[in-house]
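# Structural description and commentary
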Amino acid sequence: MIGIEQANSVGQRPRARFALRAIAAFIAAVFAGTAAAAGTYKWTDEQGVVHYSDKAPAETPAKGATVLDKQGRQVKKIDPPLTPEQIKAKSDDEERARALAKAKDEQARKDRALMQSYTSESEIDIARNRAISTLESQIKSAEIFSADLTRRQKNIAKQKASYGSKPIPIELERESTAVDNELSHQTILIRQKQEELTLVTAKYDTIKQRWREILADQQRAAAAAAELEAAKAQNPPASAKPGAPKPVMTARPASTTNK
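This text gives an overview of the structure that appears in the document. Remember, predicted model here, so these are calculated numbers, not experimental data.

## Side note on the overall build of the protein chain
In terms of helices and strands, the protein chain carries four helices and four strands. Along the protein chain, from the amino end to the carboxyl end, the secondary structure elements read α-β-β-β-β-α-α-α. When burial is assessed residue by residue, the protein chain has 14% of its 259 residues classed as buried. Across the protein chain, every contact between residues at least 6 apart in sequence was considered, and the portion connecting residues at least 24 apart equals 51%. Carbon and sulfur atoms make up 57% of the accessible area of the protein chain, which amounts to about 20700 Å² in all.

The structure is reproduced here in structure tokens:
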């Protein structure tokens, strides 16, 4: 048994060496193919001297470089390095592109939310009228309160005048100051609510206009899709036309099993 095992071991050694040589030859061929595929690099330095090399230059030449195949034909172009101005311009362009893409995404999000919020123009009008009614009620309440404060202010002024040269009571002075401050506050509040009313009106006008634009775009897209489907129906593929030859199906012989 030992003799047989030794013989088998001796017989396996040449085969192992042959396998290793084959693997080494394959790896060498791969690297050789890669080197050949790299081609020849051609570039001109700053002094105008033309260089040829089978290796890429350590740094990209100022005028760029080209890669040639064995027949001297250009197979690749290596662009020259960017100047600081070009780098800045490229960075600015990329920043503008990102900002534009972000703005488009944000507009698309708003459009989706708008179409989900309102299914008709009448719903927009209802929301608009509700918001306007709320502001008008607030303005009306502030105006009524301001009118009451104005009457109190006049009465306080008469009371002060009745004292003539006598000292005015501190309580009356405090009431007068409080009424003046509250009346000033209500005046500012009314002005703010009137400005909000103008903004709300403009806001819902903009919403309605944008809603109409989106709806028109959707209708145009649907019409274009319908026209395309109609055109396909009128001009079906040749294989789908009546009378067109049907593909010939070749029947396969039934398989037989030998018993």
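## Some thoughts on helix H3 (residues 121–162)
With 42 residues, H3 should cover 62 Å at 1.5 Å per step; its first-to-last C-alpha distance of 61 Å lies within 8% of that length. Within H3, burial applies to Ile 124, Ala 127, Ile 132, Leu 135, Ile 139, Ala 142, Ser 146, Leu 149 and Ile 156. Buried positions along H3 lie against helix H4 (170–234). One or two residues past the end of H3 sits Gly 164, with phi positive at roughly 60°.

## Quick word on the sheet that holds strand E4 (residues 74–78)
Read from one edge of the open sheet, four strands run E2-E1-E3-E4, paired in antiparallel fashion. Edge positions in the sheet fall to strand E2 (50–53) and E4, since each has one partner strand and no second. With direction set aside, neighbouring strand axes in the sheet form an average angle of 20°. Relative to E2, strand E1 (residues 40–44) is paired through four bridges, and the arrangement is antiparallel. What sits directly across from Trp 43, in E2, is His 51.

## Description of the side chain of Ser 176
Its place among the elements puts Ser 176 in helix H4. In this structure Ser 176 comes out as buried when scored by relative accessible area, which is 8%. A distance of 3.0 Å separates the side chain of Ser 176 from the side chain of Lys 160, its partner in a polar contact. With residues up to four places along the chain from it excluded, the contact list for Ser 176 reads Ile 156 and Lys 160.

## Points about the nonpolar core
Counting 16 residues, the largest nonpolar core has Leu 114, Tyr 118, Ile 124, Tyr 204, Ile 207 and Trp 211 as the members making the most contacts within it. When contributions to this core are tallied by element, the ones reaching two or more residues are helix H2 (84–117), H3 and H4. The greatest single-element share of this core, amounting to seven residues, is contributed by H4. Those residues in contact with Tyr 118 that sit more than four places away from it in its chain are Glu 123, Ile 124, Ala 127, Tyr 204, Ile 207 and Trp 211. Membership of the second largest hydrophobic core comes to five residues, among which are Ile 156, Leu 172, Val 179 and Leu 183.

## Some words on the pattern of salt bridges
Side-chain pairing between opposite charges can occur once the charged atoms of the two side chains come close. Applying the stated criterion across every chain yields a total of 14 salt bridges. Here Glu 95 and Arg 98 are joined by a salt bridge, their closest N and O atoms 2.7 Å apart. Residue Glu 95 and its partner Arg 98 are located together in helix H2, separated by three residues, close to a single helical turn. The class for Arg 98 is partly exposed, based on a relative accessible area of 48%. Close ionic contact of Arg 212 with Glu 121 constitutes a salt bridge, the shortest N to O distance being 3.0 Å. In this pair, Arg 212 is assigned in helix H4 and Glu 121 in helix H3, connecting sequence segments 91 residues apart. Put simply, Asp 111, Arg 210 and Glu 213 are held in one network by salt bridges that share partners.

Parameters at a glance
Residues numbered from 1 in each chain as written. Predicted model: local features only at pLDDT ≥ 70, side-chain atom pairs only at ≥ 80, totals over all residues. Heavy atoms only, no water. Helix = DSSP H or I, 4+ residues; strand = E, 2+ residues; numbered from the N terminus. Buried < 20%, exposed > 50% of the residue type's maximum accessible area, 1.4 Å probe, protein only. Contact = heavy atoms within 4.5 Å. Areas by Shrake-Rupley, 256 points an atom, 1.4 Å probe, with all protein chains shown as cover. Expected span 1.5 Å × (residues − 1). Pairing = 2+ DSSP bridges. Axes fitted to C-alpha atoms, helices over the stretch in contact; angles between N-to-C directions. Polar contact = N/O pair within 3.5 Å; in protein donor to acceptor, adjacent residues only side chain to side chain. Core = buried A, V, L, I, M, F, W, Y, C linked by side-chain atoms within 4.5 Å. Salt bridge = Lys/Arg side-chain N within 4 Å of Asp/Glu carboxyl O.

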